[in-house]
Amino acid sequence: MKIAVAGKGGVGKTTLTVWLGAYLAGQQKDVWLVDADTALSLGPALGLAEEDLPAPLVQQQQLIQERVGSGGFINMNPKVDDLMEGLSREVRGMHLLLMGTVAGAGSGCGCAPNTLLKATLAHLLVWRAQRVLVDLEAGVEHLGRGTISSVDGLVVVSEPSIRGLQTASRISSMAKDLGLQQQALVLNRAAEGFQPPQDMALPPLAARIPYLHSLEERQQQSSSVLDLPEQDLINKLCEAVLASFEE
Amino acid sequence: MSLSIAFSGKGGTGKTTIAGMLIRYLLRNGATPILAVDADSNYNLNEVLGVEVDTTLGEVRERMKTGEMPSGMTKDRYMATKLEEAVVETDNFDLVVMGQPEGQGCYCAANTLLSDFLQKLTRNYASIVMDNEAGMEHISRLTTSNVDKLLVVSDPSRRGLQAAGRIKDLAHNLNIGVESVYLILNNVREEPSERMQGIIADMGLELLGTVREDETLQEYDLEGRPSFELPEDNPAVQDAFALFQRLIG
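Residues numbered from 1 in each chain as written. Chains lettered and ligands numbered in written order. Predicted model: local features only at pLDDT ≥ 70, side-chain atom pairs only at ≥ 80, totals over all residues. Heavy atoms only, no water.

Asker: Would you take a moment to explain the pattern of salt bridges for this structure?
Answerer: Note that side chains of opposite charge can pair when their charged atoms are close. Under the counting rule described, the total for this entry stands at 15 salt bridges over all chains. In this structure, Asp221 of chain B engages Arg163 of chain A in a salt bridge whose closest nitrogen and oxygen atoms are separated by 2.9 Å. Residue Asp221 of chain B is found in helix α9 (residues 215-223), and its partner Arg163 of chain A is found in helix α7 (residues 162-177); the two belong to separate chains. By sharing partners, the salt bridges in this structure join Glu66, Arg67 and Asp82 of chain A into a single network. (Salt bridge = Lys/Arg side-chain N within 4 Å of Asp/Glu carboxyl O. Helix = DSSP H or I, 4+ residues; strand = E, 2+ residues; numbered from the N terminus.)

Here you go:
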């Protein structure tokens, strides 16, 4: 199962991605987590220290040169299948891969690093049979149709604020236009009785992220969102989210 | 010379809200005309400012790239017209929204046109306020003009601060001529503890000031009311104005 997680910043995308990953890894599944958000906080949320993070893909200048080329001719379809293990880091039974931001690769034409990035993501999503969870910054439109057709589902996370919900709705309709029909809405920080507005074209509500006092306390001290005392609540949440993508 | 101030930070830390407050501050101080640039692909600066957006520059770029052009007009001319149409004009400020990031394929040609357009456009304003996502992708690839001050917004969480530290490093590696980088701590309930001040100092960040967590602001957000319309005596607005005064006088 390949799932993309999107939504406005700060709504809990990364936290949910890490929980889903840990839940699947706990079932002995081979899980790949891809951080495609430029804030790069998926690693820290897994409890990794800054210096233990794998290098973001866009910073692999030599590799980009070698596989894609630069200036003159570039190979839009680079070979990447042998790169996956080397570029990722194993964290608690999961593979973590950081995309990074194209801007970091230097000014000028961003085609080469962009191409490697997209080819890698496409390879993971299209060819590998593992469970892949992608933490996205924006919507899915930059993935391209071919890649999107291999994504099984899109989780859109939102807070009950109008700005969060409008972003969710925009992401959802863009993804639908690109053929990604399987979608689920997950609400965070919403009061119990809150219902998403009917007129906003949102995906069906799959789950609500429970309020965890321990997490709020933890965030001040540490970046990790794992090993919280409320594990049964988190498991229930993951079950509900994943169930919405099962045939 | 215009003054250009850019915002960045982890998502959800309030950078857009504070960018809105800066626009208001500049208006009040007569640092006009003002151009607001929303360079976050999950754009919502317009919602904070209370204006409607029809077209984003990203949409125009996409059209240019896919080649849907009317006949009898060169691509450049057509794109220039469309880009001009994408500038939202209000009585108080103008707004451009970058919108969607690049899709598949090469965007170099379209980006060159877009970057020329932005360069010409920004010359017309006394103040430019840019709202960016953490990767600052749009600004670094599209503007060659200098960013005078980069304000990195974080909430008082560990992950927010880590992202802020990374943004500071990234800003130095980018070709955007950032003159100075400051940290704004948003949504604080108390002044930063010594421990937090230590973390901030370790990251080499300079704290410009804090903005209090505010209930009225949260209500505005929940209801979708533009926070641009908050009363001026609102504590969060007051905090923001105080730190802008320290920054630009």
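Now that the structure is up, let's keep going.
Asker: Quick question: what am I supposed to make of the sheet that holds strand β1 (residues 3-8) of chain B here?
Answerer: Hydrogen bonds between backbone atoms are what pair the strands of a sheet, whose relative direction is either parallel or antiparallel. Residues and elements named next belong to chain B. Spatially, eight strands are ordered β3-β4-β2-β5-β1-β6-β7-β8 in an open sheet, and the strand pairing comes out mixed. Bordering the open sheet on either side are β3 (88-89) and β8 (207-212), each of which pairs with just one other strand. Sheet strands touched by helix α1 (residues 15-28): β1, β2 (34-39), β5 (127-132), β6 (149-154), β7 (180-188) and β8. Its angle to β5, the strand with the most contacts, is close to 175°. Taken strand by strand, helix α7 (residues 158-173) contacts β1, β6 and β7, and its axis lies near 160° from that of β6. (Pairing = 2+ DSSP bridges. Contact = heavy atoms within 4.5 Å. Axes fitted to C-alpha atoms, helices over the stretch in contact; angles between N-to-C directions.)

Asker: Looking at this structure, I do not really get helix α8 (residues 194-202) of chain B. What am I missing?
Answerer: In an α-helix there are 3.6 residues to a turn, and that puts residues three or four apart on one side. Residue and element names in this part refer to chain B. Listing the buried residues of α8 in full gives Met196, Ile199 and Ile200. Buried residues of α8, seen end-on, are gathered within an arc of 100° and therefore sit on one face of the element. Exposed positions of α8 whose direction lies more than 90 degrees from the buried face are Glu194, Ala201 and Asp202. Those residues of α8 that are buried lie in contact with α7 and β7. Looking one or two residues beyond α8, the residue adopting positive phi is Gly204, at roughly 75°. (Buried < 20%, exposed > 50% of the residue type's maximum accessible area, 1.4 Å probe, protein only. Arc of directions from axis to C-beta.)

Asker: Looking at this structure, how should I read the environment of Leu208 of chain B?
Answerer: Residue and element names in this part refer to chain B. For Leu208, the position within the fold is in strand β8. Looking at Leu208, the relative accessible area reads 9%, which means it is buried. A C-alpha to C-alpha distance of 5.7 Å links Leu208 and Tyr182, two positions 26 residues apart in sequence. Filtering out sequence-adjacent residues up to four positions away, Leu208 remains in contact with Leu151, Tyr182, Leu183, Ile184, Leu243, Arg246 and Leu247.

Asker: Would you mind showing me how to read the nonpolar core here?
Answerer: If you look at soluble globular proteins, the nonpolar side chains tend to sit buried side by side. Ranked by internal contacts, the top residues of the largest apolar core, which has 44 residues, are Leu57, Phe117, Met136 and Leu150 of chain B. Setting aside chain neighbours within four positions, we find Leu150 of chain B in contact with Ala6, Phe7, Ser8, Met136, Ile167, Ala171, Val178, Ser180, Val181 and Tyr182 of chain B. (Core = buried A, V, L, I, M, F, W, Y, C linked by side-chain atoms within 4.5 Å.)

Asker: What am I meant to see in the packing of helix α3 (residues 57-66) of chain B against helix α4 (residues 75-85) of chain B here?
Answerer: For any two helices packed against each other, one specifies the inter-axial angle together with the distance between the axes. Residue and element names in this part refer to chain B. Running from N to C, α3 and α4 point in directions that differ by 165°, and their axes come no closer than 10 Å. Relative to α4, the element α3 lies roughly antiparallel. Read as a crossing pair, α3 and α4 show a hand that is right-handed. Packed against α3, whose contacting residues are Leu57, Val60, Arg61, Arg63 and Met64, the element α4 presents Lys75, Tyr78, Met79, Lys82 and Leu83 at the interface. Here the contact of α3 with α4 is built from residues that sort into six nonpolar, no polar and four charged. (Parallel < 35°, antiparallel > 145°, perpendicular 65-115°, else oblique. Left-handed = near helix turned anticlockwise from the far one by under 90°. Nonpolar A, V, L, I, M, F, W, Y, C, P; charged D, E, K, R; others polar.)

Asker: Any chance you could explain the side chain of Asn42 of chain B here in plain terms?
Answerer: With respect to the secondary-structure elements, Asn42 of chain B resides in the loop between β2 and α2 (45-49). From its side chain, Asn42 of chain B meets the backbone oxygen of Glu137 of chain A in a polar contact 2.8 Å long. Setting aside residues up to four positions removed in sequence, Asn42 of chain B forms contacts with Gly7, Lys8, Gly9, Glu137, Ala138, Thr167, Arg170 and Ile171 of chain A. (Polar contact = N/O pair within 3.5 Å; in protein donor to acceptor, adjacent residues only side chain to side chain.)

Asker: Please clarify how the pairing of strand β6 (residues 153-158) of chain A should be interpreted in this entry.
Answerer: Each regular strand carries side chains that alternate between the two faces of the sheet. Residues and elements named next belong to chain A. Of all six residues in β6, six are buried; the element is thus mostly enclosed. Burial along β6 is two-sided: Gly153, Val155 and Val157 and Leu154, Val156 and Ser158, pointing in opposite directions, are all buried. Where strand β1 (residues 2-6) lies against β6, four bridges are found, and the strand directions are parallel. Each bridged residue has a counterpart across the sheet, and for Ala6 the counterpart in β6 is Val156. Judged from the five bridges that link them, β6 and strand β7 (residues 183-188) form a sheet pairing that is parallel. Note on β7: the bridge partner recorded for Ser158 is Leu187.

Asker: What exactly am I supposed to notice about the side chain of Ser154 of chain B here?
Answerer: Residues and elements named next belong to chain B. Turning to its location among the elements, Ser154 is positioned in strand β6. Of the polar contacts made by the side chain of Ser154, one reaches the backbone oxygen of Gly160; its length is 3.4 Å. Ser154 has contacts with Thr13, Gly160, Leu161, Ala164, Leu183, Ile184, Leu185 and Asn186, leaving out every residue within four places of it along the chain.

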